[in-house]
Number of protein chains: 6
Amino acid sequence: MEITNAQRAEVLVHALPYIERYNGKVVVIKYGGNAMLSDELKDSVMGDIVLLSLVGAKVVLVHGGGPEITEMINIMGKETKFVDGLRVTDAETAQIAQMVLAGKINKNLVNLINKKGGTAIGLCGIDGRIFEAEVKDERLGYVGNITNVNAQLVMDVLEKGYIPIISTLGCDKNGNTYNINADTAAAKLAGALDAESLISMTDISGILRDKNDPSTLISKITTKEAYEIMAEKIIDGGMIPKVNCCIDAINCGVKKVFIIDGTIPHAVLIETLTDEGIGTMFVK
Amino acid sequence: MEITNAQRAEVLVHALPYIERYNGKVVVIKYGGNAMLSDELKDSVMGDIVLLSLVGAKVVLVHGGGPEITEMINIMGKETKFVDGLRVTDAETAQIAQMVLAGKINKNLVNLINKKGGTAIGLCGIDGRIFEAEVKDERLGYVGNITNVNAQLVMDVLEKGYIPIISTLGCDKNGNTYNINADTAAAKLAGALDAESLISMTDISGILRDKNDPSTLISKITTKEAYEIMAEKIIDGGMIPKVNCCIDAINCGVKKVFIIDGTIPHAVLIETLTDEGIGTMFVK
Amino acid sequence: MEITNAQRAEVLVHALPYIERYNGKVVVIKYGGNAMLSDELKDSVMGDIVLLSLVGAKVVLVHGGGPEITEMINIMGKETKFVDGLRVTDAETAQIAQMVLAGKINKNLVNLINKKGGTAIGLCGIDGRIFEAEVKDERLGYVGNITNVNAQLVMDVLEKGYIPIISTLGCDKNGNTYNINADTAAAKLAGALDAESLISMTDISGILRDKNDPSTLISKITTKEAYEIMAEKIIDGGMIPKVNCCIDAINCGVKKVFIIDGTIPHAVLIETLTDEGIGTMFVK
Amino acid sequence: MEITNAQRAEVLVHALPYIERYNGKVVVIKYGGNAMLSDELKDSVMGDIVLLSLVGAKVVLVHGGGPEITEMINIMGKETKFVDGLRVTDAETAQIAQMVLAGKINKNLVNLINKKGGTAIGLCGIDGRIFEAEVKDERLGYVGNITNVNAQLVMDVLEKGYIPIISTLGCDKNGNTYNINADTAAAKLAGALDAESLISMTDISGILRDKNDPSTLISKITTKEAYEIMAEKIIDGGMIPKVNCCIDAINCGVKKVFIIDGTIPHAVLIETLTDEGIGTMFVK
Amino acid sequence: MEITNAQRAEVLVHALPYIERYNGKVVVIKYGGNAMLSDELKDSVMGDIVLLSLVGAKVVLVHGGGPEITEMINIMGKETKFVDGLRVTDAETAQIAQMVLAGKINKNLVNLINKKGGTAIGLCGIDGRIFEAEVKDERLGYVGNITNVNAQLVMDVLEKGYIPIISTLGCDKNGNTYNINADTAAAKLAGALDAESLISMTDISGILRDKNDPSTLISKITTKEAYEIMAEKIIDGGMIPKVNCCIDAINCGVKKVFIIDGTIPHAVLIETLTDEGIGTMFVK
Amino acid sequence: MEITNAQRAEVLVHALPYIERYNGKVVVIKYGGNAMLSDELKDSVMGDIVLLSLVGAKVVLVHGGGPEITEMINIMGKETKFVDGLRVTDAETAQIAQMVLAGKINKNLVNLINKKGGTAIGLCGIDGRIFEAEVKDERLGYVGNITNVNAQLVMDVLEKGYIPIISTLGCDKNGNTYNINADTAAAKLAGALDAESLISMTDISGILRDKNDPSTLISKITTKEAYEIMAEKIIDGGMIPKVNCCIDAINCGVKKVFIIDGTIPHAVLIETLTDEGIGTMFVK
């Protein structure tokens, strides 16, 4: 059915209270997984971000890109070592990660934002030393724990009206590059920016009480309840670190943290600018 | 038919290029006539203005209120003199106009904007001497010609993020109040503010080649064509001053001037944020 | 006797220490009563305010206007109900109050300030939601208690160099207008602005120990002494709310609060810029 | 006769239009001669300057001090050479001038301004290279012609709210100090500051058509008329350079230049803040 | 021989006039070729840049990286087509260029600057649309001509005190990436930034009259002389585009353009902060 | 031996970490004694200060000048009284001190800084009431104890990029001038400015354990150790007040305080920009 322009205006008006809520507030969007693989979805997500930015939110996009790094390692024919089943990130691998994240994925997102009429600036954790890191486990090489977040550059860039897009790489005082966990990085950055909300775009619909039954989606959860649910082993392995990051973000002062299914078209807008909550919201 | 949230998001995304066009630009809205009489419409128009403001436009609302002034004169039992069929605005009448415009209509609009979540500030042409005026015709008393527009106060208020709502009264150096034409005032203010567009909300659908046939609406017209159409007497008497104001605004540097039917719900949003042009647009 | 220009210069020089004291400080002047009824006095008071403003004080003028509201109610032939002898302010009465205060009295004061060379801006408690209010007593209708003062708009306007003139109306989130007590409003606003002083222009000469003997004027009183004097019933009924407002203002952080007789020509200037104290000064 | 406080207030009000005229404008006061010799007068002039500054003028005080330099040369027992009857300013003499002007006279004036409640800053033409100079006549040593005026420091100091007091010394790129003519320096600085007026405080009452008859004072003169009067030799020798400086200042863009008798108490205030013109005003 | 600390201080003092010359001025450094291949040199150049930045210059580093792109194409086993001997840059090749320039080289330089104590930010021509480009020759694919330089982002970043490092990639409104010539890009950016100087770090010592005789180095050349020398075919093929870029930069308003041998340790510092000119300087 | 430009660049690079340490930090230099007597040294010290300032430090120069005051008293043939062997500073003597310090020494230093390419501004404790003082001992006249330091003027001047040079005179509310101890003044000002370091240029090499053996120089000392050393009478009389000032400065929040031998060429630069510590450093 065709939507008339009168209906369009009506829809815009209904978005008003939601727009007011985000006006001038920092929203960190963690972008990754399948939502980042399809060109069509990527295009659509970037449009959503430009829109959110234009209606007054200070949007910060944080992305990782594990699968593309692995693909490049394979194309380049680099052999990788494993310790206890975990891949070792030697200096060369860290260079590949840097190249793929900060050079390929990041600048492609900048290009897409620009195409949609926004003005983006592509950064990584090395720029302005946003993410300072240290070795987590000597045997795994340049896999980093974040030791410090310098949010000043991101704030400067937001103040000047740009949309910052940030690759989750870390650096140290000796000029080394680290691969760091994107969920953790997004959570810590959101905390350092005193963000209104952190939206984690994944490929699941949120937290399910029964992971095989979509109707058991938990739409709102406190950090206390989240700890309980993890204790009860309702959440399976892969979700646990994500949930922990959500809890961390709340503990760092972020008001609301969302896990949403990024493969739903305009999931971010539906979550932020309509009365429908489509994933799981974490609150204090 | 119910519009889904997915469709809502879709609609928001389609508004993106229109939002970009108005971002940071001054839009002067001349508000009056029937669009101002119905409470429901008034409520709806104020919502549209808050929305336009939130998505980044610098909206200035200019209003008159002839019928309400007449009504008050009657309630107060004041006798009015006429010269050549035109009402004489003596000092007392000018006081009533001031009271009704700046006290009643203006602050009620401020209240409505505030209720919709915006933050308005109600001004009149006396505040900051926005409209300096002089007597147009001695016999008619305090009916003013605008001699100077001081737009600084309006710019200061926009810079601080408020939505200015302006009653079209004039003042002079001796402390007199003048009733001034609202269409002219809006056009001159739009020029002084270097506005992107002036939207005149009337109760007609625009300029019609045949005033009895809505299908003859002219959707776009140059100032040159407008002069021709007036010469050909296609436009009838009441419209001529309005059309002249539109032409004046274009000549003062306003990019686009619209005459739209303010009684259509969300007419302003349809005109600014969708691909539908619903009235007549004047261009250079 | 004619004052020579040499004497004039001498007088200006003597004003120096007083000017220094008010430089850059906020002075709230509550204006009302008889001082507001005579055109000549009004003219003179506005001149005083422009002068105070030019010599560096940040003057805020707050006014009510009960008698003029009553007069308008009568002219308009509106019947008013009474409960326990108190007039009921129904929505229509609140509209009349709004019209008279914000449209007539307020903008006339703006006109006078402008005529004297200052640049004023006329606001009411609805603009920028300066005075948020709620119903005080259901039976009395829209008579409001102030629940919150938003002083930001007043500060923005002072920062830009305008003289704000404020009608004491209140508003709520539903778009209703309230009649609020002008003395209370001035005291609360002075507190919110962290004012150096609040000057209440009345038609009495200050607090008298014996209300029939002008020579018993108390020129300086602490809030503690003021409580005592009220306990001793030295102050009669009409003065009690005014004195309470003065005490409130001091408790809200205003340094000095004055009650002066506004019908004395240039009473404000004599109080602020000469060594003569002409009313009663409240201090901590 | 005692002036009452009511009269004082009246006087302040009469000063209003004059205060408005100088608000935010730069006023350069050239101070010297007998007006600078009496302690009482000095005290009074500094009070006038603080007052002018407090009511919104941006006052810059420029002073020389020939007699005190000569006195110090004598005390120090330094012999001075003469060429064609003009004293030679060798490096040592320039040092004495610097010491007396910038160290003694200047800082004493700063002390007096501070005592009156203003906040002054004492500068000389060497600070921030305000007056760049070159040798005028090799035989006379360090007597300088001004080659360039750097007004930035003075503007920075005014912007921060200080009252700059400036000794008329010059400097060059080699670190030499020059004695420069104070009248010329004041005129050039007033031009560089785009001053509203330059007030030259001398010990004569202005330009007289007959120098022995005070009643022949010319109260207003155009630069053209001033040239004529000099051609007619109406002005005697000592006045010619002063008149030339006044003309120069007008030609540099200063709106009004005054020669007044600085020994009249509060001459500056009478000239600026009352309706009495007490000297000669030069205009374009 | 050991340099004593006294001598060190002496050296610093000698650098003073050179430091003064660059204080607050924009210096664009085009970095490439062999100077970028050795790790030791790279480290040293980054130290020089941090130093220049600390002593007050606003340094912008522009880099390309042709050889590393070719190397990556080979590693990735991508086949490349050639037209008339020139390599075709298809979309995939442009992606590789983007990845290598903006991801690898650029962020490694950021890491090095950070290690030296500066705070760098790595950008490419896509960020903030710094370099807008279009296809130069349809047959060669995404090889771009610069159509527009948006220097605002670079200026914002300099204003905030960061050292911008810029990869010479171009973008268009459709989100395509272009490989653009680094010398041209540096020259155009220097022009848009109104730079004091552009320093092109190459692997030759400057322009030689006889390319086999280092003693024939031309240390200073006007643009007119440079045209003549090219007309006389004194400069061989490879140098011609570089010389043209230098001339272009001068024509765009850059004050001085240098070609220096970047393999000499601290060549940039020797050129900017000592009295030795080590390459060829172009002037108007 | 000649230092090559390559070596010069090397030296500059080695200064990098030291420059970084002082970037944007306030450094107060107390200048006096023999280091101030030789013209050559004075010239060299001013060059050092301009350099420190250009590389980003906010340098404040504080100077006294006892010997030159005494010399002037003698030249002027003024007789001085003594009380208990201490010279009485009557009003006339205070005037001479003011003249010599603020007029002669101060402005000569300004001239030298300007000559070196810096832009200095010469102030004394009277300007902006930097040093408020009171009589220390009635019998000694205008010898002042500092009662308050107003550092705002110095901060304003630094913010605008000037190098402030400050004579250590004091003032009071009655317009009197005081001679104050320069070491104390420098220490208190450094504290009020929250300085990174205070460098006291004396004519001794620092604190020696055995004052006859230069090899016993203490290069670093805590305030606690300094108290001990004074208790042990290792430091002789003349040094005690200096050491007390150093301790005071540390207690006021200055990070590091140095006593260095100002007669060593470029002592300030060696201390701040090389790895050699040449005097005694006091720390918490």
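Residues numbered from 1 in each chain as written. Chains lettered and ligands numbered in written order. Predicted model: local features only at pLDDT ≥ 70, side-chain atom pairs only at ≥ 80, totals over all residues.

### Examining the overall build of chain A
No. 1: The secondary structure content of chain A amounts to nine helices and 16 strands.
No. 2: The globule rule puts the C-alpha radius of gyration for 284 residues at 19 Å, and the 19 Å found for chain A is close to it.
No. 3: With the principal axes as the frame, chain A shows a C-alpha extent of 60 × 45 × 35 Å.
No. 4: Burial status across chain A gives 55% buried among its 284 residues. (Helix = DSSP H or I, 4+ residues; strand = E, 2+ residues; numbered from the N terminus. Rg over C-alpha atoms; globule rule 2.2 N^0.38 Å. Buried ≥ 20, exposed ≤ 12 C-beta atoms within 10 Å, placed from the backbone.)

### Considerations on the relation of the copies chain D and chain F
No. 1: Mapping chain D onto chain F calls for a rotation angle of 180 degrees and an axial translation of 0.0 Å; the resulting RMSD is 0.0 Å. Both copies of the chain, as the preceding transformation shows, are related through a two-fold rotation axis. Residue D:Gly103 of chain D places its C-alpha closer to the rotation axis than any other residue of that unit, at 1.7 Å.
No. 2: The fraction of interface residues of chain D whose copies in chain F are also interface residues reaches 100%, indicating that both copies meet through the same surface. (Least-squares fit on C-alpha atoms with pLDDT ≥ 70 in both. Contact = placed C-beta atoms within 7 Å.)

### Examining the interface of chain E and chain A
No. 1: Taken residue by residue, the interface counts 33 residues in chain E and 33 residues in chain A.
No. 2: Secondary structure elements with two or more residues in the side of chain E that touches chain A: helix H4 (91-115), strand S5 (120-124) and helix H5 (152-159) of chain E.
No. 3: Of all the elements, H4(E) adds the most residues to the side of chain E that touches chain A, at 13 residues.
No. 4: The residue makeup of the side of chain E that touches chain A, split by class, is 14 nonpolar, eleven polar and eight charged. (Nonpolar A, V, L, I, M, F, W, Y, C, P; charged D, E, K, R; others polar.)

### A short note on the interface of chain D and chain F
No. 1: Contacts between chain D and chain F engage 33 residues on the former and 33 residues on the latter.
No. 2: Mapped by element, the contributors of at least two residues to the side of chain D that touches chain F are helix H4 (91-115), strand S5 (120-124) and helix H5 (152-159) of chain D.
No. 3: With 13 residues, the top contributor of residues to the side of chain D that touches chain F is H4(D).
No. 4: Of the residues assigned to the side of chain D that touches chain F, the class counts are 14 nonpolar, eleven polar and eight charged.

### Notes on the packing of helix H3 (residues 66-75) of chain F against helix H4 (residues 91-115) of chain F
Residue and element names in this part refer to chain F.
No. 1: It is at 9 Å that the axes of H3 and H4 come closest, and there the two elements cross at 120 degrees. In terms of axis orientation, H3 runs oblique to H4. Crossing of H3 against H4: the hand is right-handed. Between H3 and H4, the contacting residues are Glu68, Ile69, Met72 and Ile73 on the first element and Thr93, Ile96, Ala97, Val100, Lys104 and Ile105 on the second. (Axes fitted to C-alpha atoms, helices over the stretch in contact; angles between N-to-C directions. Parallel < 35°, antiparallel > 145°, perpendicular 65-115°, else oblique. Left-handed = near helix turned anticlockwise from the far one by under 90°.)

### Some details on the sheet that holds strand S13 (residues 256-261) of chain C
Residues and elements named next belong to chain C.
No. 1: Across the sheet, eight strands lie side by side as S5-S8-S2-S1-S11-S13-S14-S12; this open sheet has mixed pairing. In this open sheet, the two edge strands, each paired with only one partner strand, are strand S5 (120-124) and strand S12 (220-222). In this sheet, neighbouring strand axes are inclined to one another by 20 degrees on average, regardless of whether the strands run parallel or antiparallel.
No. 2: Across the face of the sheet, helix H2 (residues 39-54) comes into contact with strand S1 (26-31), strand S2 (58-63) and strand S8 (163-167) while running at roughly 150 degrees to S2. (Pairing = 2+ DSSP bridges.)

### Thoughts on the packing of H2(C) against helix H4 (residues 91-115) of chain C
Residue and element names in this part refer to chain C.
No. 1: Close contact between H2 and H4 brings their axes to 9 Å; oriented N to C, the two are set at 60 degrees. Judged on the interaxial angle alone, H4 and H2 are oblique. Here the hand of the crossing between H2 and H4 comes out right-handed. Counting all contacts with H2, which are made through Lys42, Asp43, Met46, Ile49 and Val50, the residues of H4 involved are Leu109, Leu112 and Ile113.
No. 2: Taken together, the residues of the contact of H2 with H4 break down into six nonpolar, no polar and two charged.

### With respect to the sheet that holds strand S2 (residues 58-63) of chain A
Residue and element names in this part refer to chain A.
No. 1: Pairing within the open sheet is mixed, and its eight strands lie in the order S5-S8-S2-S1-S11-S15-S16-S14. The open sheet terminates on both sides in strands that have one partner only, identified here as strand S5 (120-124) and strand S14 (220-222). Taking each pair of neighbouring strands and ignoring which way they run, the sheet shows an average axis angle of 20 degrees.
No. 2: The pairing of strand S1 (residues 26-31) with strand S11 (residues 197-202) spans five bridges and is classified as parallel.

### What to know about unusual backbone geometry
Glycine aside, negative phi is the norm for most residues, and most peptide bonds take the trans geometry.
No. 1: Although it is not a glycine, C:Lys233 sits at a positive phi angle of roughly 60 degrees.
No. 2: The residue C:Lys233 is located in the loop between helix H7 (223-231) and helix H8 (239-251) in this model.
No. 3: At D:His266, a residue that is not glycine, the phi angle is positive and equals roughly 60 degrees.
No. 4: Here D:His266 is to be found in the loop between strand S15 (256-261) and helix H9 (267-273).

### Comments concerning the pairing of strand S16 (residues 280-283) of chain A
No. 1: Summarising the sheet, S14(A) and S16(A) pair through three bridges and their orientation is parallel. Its bridge partner lying in S16(A), A:Lys220 is registered against A:Met281.

### Brief notes about H5(E)
No. 1: Where H5(E) is concerned, the buried positions are E:Leu153, E:Val154 and E:Val157. All buried residues of H5(E) project into a common sector of 100 degrees when viewed along the axis, lining one side.
No. 2: In this fold, the buried residues of H5(E) make contact with S5 of chain A together with strand S2 (58-63), S5 and strand S8 (163-167) of chain E.
No. 3: Note on H5(E): the residue one or two positions beyond its end, E:Gly161, has a positive phi of about 95 degrees. (Arc of directions from axis to C-beta.)

### Some words on the relation of the copies chain E and chain A
No. 1: When chain E is brought onto chain A, the operation consists of a screw motion whose angular component is 180 degrees and whose axial shift is 0.0 Å, with 0.0 Å RMSD remaining.
No. 2: Looking at the interface residues of chain E, 100% of them are also at the interface in chain A, so both copies use one shared face.

### Comments concerning the confidence of the model for chain A
Any region with low pLDDT has predicted coordinates that should not be read closely.
No. 1: Taken residue by residue, chain A gives an average pLDDT of 92. The fraction at 70 or more is 100%.
No. 2: Overall fold confidence (pTM) sits at 0.90, and the ipTM for the predicted complex is 0.93. (pLDDT = per-residue confidence, 0-100.)

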